[in-house]
Structures are given as C-alpha cells and as structure tokens.
Amino acid sequence: MSKTAGKLTTAELERIAERVLKLSGADETEVDIGATTDALTRFANNTIHQNVAEQTLSISVRAVVDGRTARSTTNKTDDDSLRRVVASAISLARNEPENPDLLPMLGKQTYQKVSRFFSATANTTPEDRAKAVARVCKMADKRKQTAAGIFSSGGSRSVLANSKGLFASYEQTRAEFSVTILEKNSSGWAKANSPDVRKIDPQALAESASEKSAQSREPREIAPGRYTTILPPAAVLDLVGFLFYDFAGTAVLDKRSCFTGRIGKKVLGENITLWDDVYHPLQTGHPYDGEGMPRQKVQLVDRGVVKNLVYSRATAKKMKAKSTGHGFSLPNDYGEAPMNLVFAGGDKSVEEMVRTTERGILVTRLWYIREVDPYEKILTGMTRDGTFLIENGKIAGGIRNFRFNQSIIEMLTNVEMLGPSVRAAGEESFEMVVPPMKVRDFHFSEVTKF
C-alpha cells in the first residue's frame, strides 16, 4: 500500500506481529494490528473551511492463561512498549475469571482473496478533493443555493496472527462524498461511499441534492397517516440496518432477537431475500472474522422465510451449529453479527414507482432513528432533506417533514416494488447493498414544523 494510505507496509506489520509473539510467555497469544490513514475536506457556506488528516496505529494483544483471556492495546512499536503490552495482557488475563466457553485459538487458515485497494483512492490529494468541492460550491453559488458537506479518502491495512500459526492480512481503501444543498426553507442531500474514488461523482451527487432542494421549496403541510411510500436506497439502508444483530446466534440464544422462535418461518414478504456476503463485488471488509475464521456467504432470508443465522465459534458450539466466520474479536459480549448485508433487488426504477402511485410520499432520507420495540422492530425517526407528495403518478411538490413509527417487519411484508440493489450510504447505519422500495401503509405519525 502506498505511503499515503499508511506509513507501515503489510510486511512491516507482520514483523511487528512476529516480535509480539516471540515476547509472549502466555499459553496462547493473538495479535491484531491495524494501521489507517484518513483525510477529510469539509465545506460549508460554499467554502472549504477545513482539511484534516490523521494516521493511526493499533497493536492489540490477547493473551490466554489457564483458560482465562484478556486484551491490551498500544500504539507504540519499540521493544519496551511491545513488552509492556504483552505483560499487561498476561496480567489482565490472570486476574480474569476462567471462561468455560473459551476455545483454543485457530491454526493456519486459507482465505478467499478480495481486492479492495485502489491506488487512485490511496493517492488522492487534498488538491484533488478541493477541486471537486470547488466545482460543487461554484454550482451552488450560481443557483443561489448553499452547499455543505465532506469529501474524505483514506486506507487501512491490518494483520491478525497468533501463536498457533494463524496469519491473515487485509488492506482496502475508502472514499466518501456527502453533500447537503440548502435554500431558505428547503434542502436536498446525496451521499456515496466506495473503496474506489473513481466510482464517486461529486458533481452528479451535488446536482441531485440541488434538484431536491429546488423541488421542495415552500413545503406544504399534509396530515400524518399511512401512505404508500417510496424509499430510496439510503432510506432503506438506515431502516433495515437495525435488523443486522437480530440474525446473530447470540441474540437468538439470549432471546434478544426479533427472530427468536421464528427461524424457519415466513416472517417477511415473498419478495424479500437477503444474504450476508463479504465477497459481493459492492461490499467491503475483511474475508475473516475477529478470530481469523474465514467468513462464509450465508443466506439469511429466502423469499420471506428466515433461513439461517450467523455464528462465532463459541456460539456455534453452544447452539450445535457450524461457525460461519462472523465472530467479533475476543473477549466480547455480543458474539457475532452479519456485517455485509446484501438484499436481492428488482427491476423497477424510482421513476416507475412514482408513476404507479396515485397518492403517496417520496422520501430522500431518514434521520434520528431510534428503536421503540426490539421484538416487533418498531422504529421512530424523521424524514429530512426533501420529502415530496406524489399525486396521480407525479411529484406534486415538497411537504413538511414527518415523524414515523414503523415496524420494519411489517414494512418488509408490505413491499410492492423493488429496484436494482446498489451500494448505499446513509447516516444511521453502515454501508450495505440494498434496493429502493415502494412500500404500502408506511406509518407517518406526526408532522414537523420544518
């Protein structure tokens, strides 16, 4: 990886890991090293006002002593610091209670290759980001609008190794552009995220946000209620992201999942199929979990039926299942979770969804989402940055924002149309691959005053 994406190479991280393992006298030792570089250009009022960059290094050591385990972390690479972090992990482990669920560390594993490092992203300069932002701000200024947002780029590399012979490494780049375009009483928003900066078009995103801001001028107030609602991918992501931990074996075992007692049953609509798939071309992330177990592609939902869960090694043993490679770094209280959700999509465009709606709501995005009922997965939140009334198959203008109270399980049984799945970026959840959705009877509970 280029020096702009981290000063330390993978080979250098590997050598640090080897030094740590040689210094440890624990029964078993694991070392997890991560090096990241992040740079961000921030703009507001049609002007760049901040450019920041940081490089971070984390060396996390987990020791096992007499069936006990603990972890200690440093960001220093000299021999004395590495000795101290190893000694700290061993000392902490000795003072922990014995863990009856602790399994021996994994030996050497084989991983499927994924390629998510792009030189174009790693080599993105402040000048590159500034030029793109300047064009956006110039467009907004010309239209008598105000632009604000961020353009970030960076990269990371990580190494996971242990005293049983496991060695895994991964590197990827990332870029993100987010823009809000404001007017006197309206706004529009757009965002994209990709490991390849060339997949992000700041100008097109700003054009979309600008159009939404212009279309939603002088928003009128309409009564709350249940409406046919069109949710673009960003809005879908921020809602369905609240389901991710419900597919964890630990959550079902502890009866904290909304799918407890529902495995093998039809819970969602016939047109809802869902995987966890780190190998999907639009996904990112490590091909191994926090213990170094290779991640598997897992079908979670098949045509509305909850088919499978994901498991860490310890949870799989408890539940008489097979580990799917979704465990978090140990020790932890959460077990596992699917971090690479991929929804099957359809072939309907948002324009077609609007055209086939007699009366409904088109949302841009949602925010301030909170869980009300964890078992029926009722969420509350608000619309933002462009909410539109649809009448007779056409957008009839902007409306004041709504608060919603909606069960996601109910929503996913009421999906009437699906568009093509895309990599989406929102504000309330991590990136995933989701389609736009047309949903009937979405519950807007009250109207806001803006």
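Since we're looking at a predicted model, the values are computed, not measured.

1. Topic: the overall build of the protein chain
Turning to step 1, where the next piece is worked out: For the protein chain, the count of helices and strands is 10 helices and 19 strands.
Turning to step 2, where the next piece is worked out: The globule rule puts the C-alpha radius of gyration for 450 residues at 22 Å, and the 24 Å found for the protein chain is close to it.
Turning to step 3, where the next piece is worked out: Projected onto its principal axes, the C-alpha positions of the protein chain cover 70 × 55 × 35 Å.
Turning to step 4, where the next piece is worked out: By the burial criterion, 54% of the 450 residues in the protein chain qualify as buried.
Turning to step 5, where the next piece is worked out: Intrachain contacts of the protein chain at a sequence separation of at least 6 include 73% that bridge at least 24 residues.
Turning to step 6, where the next piece is worked out: By element, 49% of the accessible surface of the protein chain is carried by carbon and sulfur atoms, the whole surface being about 19800 Å².
Turning to step 7, where the next piece is worked out: Distance between charge centres in the protein chain, computed from 62 positive and 55 negative side chains, equals 2 Å.

2. Thoughts on the pattern of salt bridges
Turning to step 1, where the next piece is worked out: Overall, the coordinates contain 28 salt bridges when judged by the stated rule.
Turning to step 2, where the next piece is worked out: Measuring nitrogen to oxygen at the nearest pair gives 2.8 Å for the salt bridge that ties Asp79 to Arg19. With Asp79 in helix 2 (residues 79–94) and Arg19 in helix 1 (residues 10–23), the pair connects residues that are 60 residues apart, well separated along the chain.
Turning to step 3, where the next piece is worked out: Overall, the relative accessible area of 30% leaves Arg19 in the partly exposed class.
Turning to step 4, where the next piece is worked out: Across the pair Glu410 and Arg226 runs a salt bridge, and its minimum N-O distance is 3.4 Å. Taken together, the residues Glu410 in helix 10 (residues 408–411) and Arg226 in strand 7 (residues 225–231) connect sequence positions 184 residues apart.
Turning to step 5, where the next piece is worked out: On the basis of relative accessible area, Glu410 is assigned to the partly exposed category, the value being 29%.

3. Description of the packing of helix 4 (residues 126–142) against helix 5 (residues 202–215)
Turning to step 1, where the next piece is worked out: As a packed pair, helix 4 and helix 5 sit with axes 9 Å apart at the nearest point and diverge in direction by 25°. Between helix 4 and helix 5, the angle falls in the class roughly parallel. In the packing of helix 4 onto helix 5, the handedness of the crossing is right-handed. Across from Ala132, Arg135, Val136 and Met139 in helix 4, the residues of helix 5 making contact are Pro202, Gln203, Ala206, Glu207 and Ser210.
Turning to step 2, where the next piece is worked out: Grouping the amino acids of the contact of helix 4 with helix 5 by side-chain chemistry returns five nonpolar, two polar and two charged.

4. Side note on the nonpolar core
Turning to step 1, where the next piece is worked out: In this structure, Leu231, Leu239, Val240, Ile361, Met411, Leu412 and Met437 are the most contacted members of the largest nonpolar core, which totals 46 residues.
Turning to step 2, where the next piece is worked out: Residues in contact with Leu231, not counting those within four places in the same chain, are Val236, Leu239, Val363, Met411, Pro436, Met437, Val439 and Phe442.
Turning to step 3, where the next piece is worked out: In terms of nonpolar packing, the next biggest core, distinct from the first, is built from 22 residues, Leu13, Ala35, Ile59 and Ala70 among them.

5. A few points about the packing of helix 1 against helix 2
Turning to step 1, where the next piece is worked out: Close contact between helix 1 and helix 2 brings their axes to 9 Å; oriented N to C, the two are set at 55°. With respect to their mutual orientation, helix 1 and helix 2 come out oblique. Note that helix 1 runs across helix 2; the crossing there is right-handed. Residues Ile16, Arg19, Val20 and Leu23 of helix 1 touch helix 2, and the partners they reach there are Asp79, Leu82, Arg83 and Val86.
Turning to step 2, where the next piece is worked out: Among the residues making up the contact of helix 1 with helix 2, the classes are represented as five nonpolar, no polar and three charged.

6. Section: the packing of aromatic side chains
Turning to step 1, where the next piece is worked out: What the rule picks out here adds up to 12 aromatic pairs.
Turning to step 2, where the next piece is worked out: Where Phe151 meets Phe177, the ring centres are 5.5 Å apart and the plane angle is 85°; that geometry is what we call edge-to-face. Of this pair, Phe151 sits in strand 4 (residues 146–162) while Phe177 sits in strand 5 (residues 167–182), and the two are 26 residues apart along the sequence.
Turning to step 3, where the next piece is worked out: Its relative accessible area of 4% is what places Phe151 among the buried residues.
Turning to step 4, where the next piece is worked out: Seen in terms of ring centroids, Tyr227 and Phe444 are 6.4 Å apart; in terms of plane orientation they differ by 55°. Their pairing is tilted.

Scoring rules and cut-offs
- Residues numbered from 1 in each chain as written.
- Predicted model: local features only at pLDDT ≥ 70, side-chain atom pairs only at ≥ 80, totals over all residues.
- Heavy atoms only, no water.
- Helix = DSSP H or I, 4+ residues; strand = E, 2+ residues; numbered from the N terminus.
- Rg over C-alpha atoms; globule rule 2.2 N^0.38 Å.
- Buried < 20%, exposed > 50% of the residue type's maximum accessible area, 1.4 Å probe, protein only.
- Contact = heavy atoms within 4.5 Å.
- Areas by Shrake-Rupley, 256 points an atom, 1.4 Å probe, with all protein chains shown as cover.
- Lys, Arg positive; Asp, Glu negative; His and termini not counted.
- Charge placed at Lys NZ, Arg CZ, Asp CG, Glu CD.
- Salt bridge = Lys/Arg side-chain N within 4 Å of Asp/Glu carboxyl O.
- Axes fitted to C-alpha atoms, helices over the stretch in contact; angles between N-to-C directions.
- Parallel < 35°, antiparallel > 145°, perpendicular 65-115°, else oblique.
- Left-handed = near helix turned anticlockwise from the far one by under 90°.
- Nonpolar A, V, L, I, M, F, W, Y, C, P; charged D, E, K, R; others polar.
- Core = buried A, V, L, I, M, F, W, Y, C linked by side-chain atoms within 4.5 Å.
- Phe/Tyr/Trp six-rings, centres within 6.5 Å; stacked < 30°, edge-to-face > 60°.

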